[in-house]
Amino acid sequence: MSGKRKLFILLAIATGLLLYLFSLPKVLFNDPYSTVLEARNQNLLSASIASDGQWRFPEGERIPEKFKEAIILFEDKRFYSHPGVDPLSIGRAAQQNLKAGKIISGGSTLSMQVIRLARKNKNRTIFEKVIEIVLATRLELRYSKEEILGLYAAHAPFGGNVVGLESACWRYFGRAPDDLSWSEAALLAVLPNNPSLIHLGKNRQRLMEKRNHLLDRISKTEKFDELTLHLAKSEPIPKNPLPLPRIAPHLLDRVISEGKAGQKIVSTLDQHLQTRTLQIIQDHHQRLKANQVFNAAALVVEVKTGNVLAYVGNTQSGQENNQYVDVIKAPRSTGSILKPFLFAAMLDEGKMLQHALLPDVPTIINGFSPRNFSKEYDGAVAADKALIRSLNIPAVHELREYRYEKFYELLKNLGLTTLNQPADHYGLSLILGGAEGNLWDITGGYASMARTLNNYFDQPGKKRYNKKDFHAPSYNETGAELGKEGNEIEENSWLSAASIYFTFDALKEVYRPGEGTGWKYFSSSKKIAWKTGTSFGFRDGWAVGVNPDYAVGIWVGNADGEGRPGLTGTETAAPILFDVFSSLPGNSWFKHPVSEMENISVCRVSGQRATEHCDLTDKISVTHAGLQTQSCSYHKKIHLSIDHKYRVHSECASISEIYSANWFVLPPVQEYYFKSKNLSYKLLPPFRADCINPSAIASMELIYPKANARIFVPRELNNEQGSTVFEVAHRNPTINVYWHLDGNFVGTTRRSHKIVLSPSAGRHTLSLVDENGETLQREFRVISGI
């Protein structure tokens, strides 16, 4: 043989080898897949159909043994020994085809069938068969036998629009492939053989015969006994495809919207808890819809990891009631649900103590006039009681002291992503629902507070904090804490462990007077720190609870924003919160971060640091920064006559005639409202007639108008000048108060110190004088009389 001929042959062989080497496409299947959502135990929660209308699940990693035995015995019994093509099967098929005079058998191995599926079942010709043989051998070089089985199981047709083993298992039997019986495995093995002619909808008898024949063959391999064979044959063939589970449809939609369409997502959801939470939502939906409240959502987060254990985005109330809306990620008015963050921040910076009195009186700040939900005032209320009662006015005073700009930044650091406007846009309304938040961020914020408190005890020394403990929940991160690795442990975080502990300690109180009756539903002995919120117009009801293990967030309302009477957090969301917590295990409570606490004496009445004028004191623990708070400003030393009926002083009584006492004294406006709610409150005795008041303790304080107020006085319907009610608080309700407007006497009041006036447009001066000669003056401006 000449050298040129040899070279030509070598080149031809090399070319053939190269063509063979690159004959198999890099990606065999470009089919669209269903989006599949699984629980953490890999059980199916929800799935969506593929874009081509097929139920085709993404390729799985494992093939169940029963199906593997059945399909190999039925389709390719020498699968593990041949190189992709089985000469014996091809010879047998050729003989059968010649005898029948037509093609009745192809002799294809499973490897060849994978190639045919990848080539979209092209016409059965001899040339196509040769291509399949060549590519099947190449397939065997690239993939292992188990991987080839996986490709077949994922892309084999099972009748109708069902493609792949896993989707067939759920559509026909409602279970995962690993849970198949021998009868079901045999049925699925014979279905792809000719799914267009033999499937559940027709030729059912022929299908059963093929299944039973395969069961007989499997039985002869001693995979099961005669009794199992008999029972397997007696199993009926399913009549119609089953609907796939829809246990977490809103999380499935979220997965798709976040760019994970066509993938299989193993989530962090606990299937049992998800099912139970969904049922709780539906049970309460039956009650709520009687009040035309149609939507609700629930989120359960594991504190340690931030993993989402239950995600119920809405009720199953029908398309007409917006049940497709995922409320968990929808921005809604927050109501009072952010108040615990402010309470903790105030404690953290030493701007108040947890039991310190806060004003609860009519308040106007730069035109902003907050109101309590009850439309009532307590005068003064302890900070922790104001928190659990969700009083608005004390919270506004807290935010004014803390500064709304700082609180705005704190909320962002705690994980709120919905603050899309600058801080000045929200102002003081930030704490009363003036900003929007979603259930995802808010529940994550509560969980992060608990995580920070828990993890405080994991680090010795001064550096005990990791700011990454404040992170969003996750539905696809399992088994590992987020934010720990590669992040520096610091001495401080966004909130201290002690401030968080005192906040949760206040929120664990079950009795919530003035908050409706929702709290009465919680009869469990579990300790839970929980808070409710209600937005303006009764549009949103919130409830969030937390313990060392779990954070649970609930929202109730109408997705279209329609408000309903009685749609409050305590009446609608709190009962759902308690039912969900009752389904959770454990009953632990948070540890005391003792090293971050100081023991001090506080006034039992005012809650502020005790002074020598406080007769009743308590020892309590406070944050380190609590040492910076002011001493009691309410207890004064006063001088009384010997009979204790009057106040006196050294200019009108001798020392022997003076009795000194410590007295709890509120500012006049606070006293005005406080005394009606606290019958034990003792008013200051009046000065004796021969004693002129020399002290700085004021007897009068204007409730309305506030300093430099701008008042709009409209005209009445008959075009007459309108009027405004002015009001003052006086420590002695029986005393006469004389009112003057711009120097002109306008009236006298006694007991109820209110007067109706009709000032014209412009600047005015209001002057008040009581019968003891004490005066009070206030300027205001009427901006319009039209």
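Up top you'll find the structure we're talking about.
Residues numbered from 1 in each chain as written. Predicted model: local features only at pLDDT ≥ 70, side-chain atom pairs only at ≥ 80, totals over all residues. Heavy atoms only, no water.

### Side note on the overall build of the protein chain
Regarding its fold elements, the protein chain presents 21 helices and 26 strands. When the accessible surface of the protein chain is summed, it comes to about 36,400 Å², and 52% of that surface belongs to carbon and sulfur atoms. (Helix = DSSP H or I, 4+ residues; strand = E, 2+ residues; numbered from the N terminus. Areas by Shrake-Rupley, 256 points an atom, 1.4 Å probe, with all protein chains shown as cover.)

### Some remarks on the nonpolar core
Formed by 81 residues in total, the largest nonpolar core has its most connected members in Phe-407, Leu-430 and Phe-504. Once you skip the residues sitting within four places of it in the chain, Phe-407 turns out to touch Leu-338, Phe-341, Leu-342, Leu-399, Tyr-402, Leu-430 and Ile-431. With 50 residues, the next largest nonpolar core counts Phe-29, Val-85, Ala-168 and Phe-224 among its residues. (Core = buried A, V, L, I, M, F, W, Y, C linked by side-chain atoms within 4.5 Å. Buried < 20%, exposed > 50% of the residue type's maximum accessible area, 1.4 Å probe, protein only. Contact = heavy atoms within 4.5 Å.)

### With respect to the environment of Ala-310
Position of Ala-310 relative to the elements: it lies in strand β7 (residues 308–312). Residues Ala-310 and Leu-278, 32 residues apart in the sequence, show an inter-C-alpha distance of 8.5 Å. Contacts of Ala-310, omitting those with residues within four sequence positions, involve Leu-269, Leu-273, Gln-274, Thr-277, Ala-298, Leu-299 and Val-300.

### As for helix α12 (residues 271–288)
End to end, α12 covers 25 Å across 18 residues, agreeing with the expected 26 Å (1.5 Å per residue, within 8%). For α12, the complete set of buried residues consists of Leu-273, Gln-274, Thr-277, Leu-278, Ile-280, Ile-281, Gln-282, His-284, His-285 and Leu-288. Between the side-chain oxygen at the start of α12 and the backbone nitrogen of His-272 there is a gap of 3.1 Å, and the oxygen is on Asp-270. (Expected span 1.5 Å × (residues − 1). Polar contact = N/O pair within 3.5 Å; in protein donor to acceptor, adjacent residues only side chain to side chain.)

### So, the sheet that holds strand β24 (residues 754–757)
Read across the open sheet, the 3 strands follow the order β19-β21-β24; overall the sheet is antiparallel. Looking at strand neighbours, the two that pair on one side only are β19 (700–704) and β24, the edges of this open sheet. Averaged over all neighbouring strand pairs, the angle between strand axes comes to 25 degrees, with direction disregarded. Relative to β24, strand β21 (residues 724–730) runs antiparallel, the two sharing 4 bridges. Bridge assignment links Phe-726 to a residue of β24, and that residue is Ile-755. Against the sheet, helix α21 (residues 668–677) engages β19, β21 and β24, with an angle of about 75 degrees to β19. (Pairing = 2+ DSSP bridges. Axes fitted to C-alpha atoms, helices over the stretch in contact; angles between N-to-C directions.)

### Digging into the pattern of salt bridges
Within this structure, the stated rule accounts for 27 salt bridges. Here Glu-140 makes a salt bridge to Lys-145, at a shortest N to O gap of 3.0 Å. Neither residue differs from the other here; Glu-140 and Lys-145 are each classed as buried. Put simply, Lys-260 and Glu-258 hold a salt bridge, and the shortest N to O gap is 4.0 Å. Among the charged side chains, a salt-bridge network with shared partners connects Glu-376, Asp-378, Arg-389 and Lys-677. (Salt bridge = Lys/Arg side-chain N within 4 Å of Asp/Glu carboxyl O.)

### So, the packing of aromatic side chains
Scanning the model with the defined rule gives 21 aromatic pairs in all. With 5.2 Å between their ring centres and 55 degrees between their planes, Trp-182 and Phe-224 make a pair best called tilted. One end of the pair, Trp-182, is in helix α8 (residues 182–190); the other, Phe-224, is in the loop between α9 (204–220) and α10 (226–234), with 42 residues separating them in the sequence. Residues Trp-182 and Phe-224 agree in their burial class; the two are buried. Here the aromatic rings of Tyr-456 and Tyr-465 are separated by 5.6 Å at their centres, their planes lie at 50 degrees, and the arrangement is tilted. (Phe/Tyr/Trp six-rings, centres within 6.5 Å; stacked < 30°, edge-to-face > 60°.)

### A word on the sheet that holds strand β2 (residues 44–48)
Ordered in space as β2-β1-β5, the 3 strands form an open sheet in which the pairing is mixed. Sheet topology places β2 and β5 (264–266) at the edges, where each strand pairs with a single neighbour. If you compare each strand with its neighbour and ignore which way they point, the axes differ by 15 degrees on average. As paired strands, strand β1 (residues 35–38) and β2 are joined by 4 bridges and run antiparallel to one another. Residue pairing in the sheet places Thr-35 in a bridge with Ser-48 of β2.

Nothing here speaks to function; it is geometry throughout.
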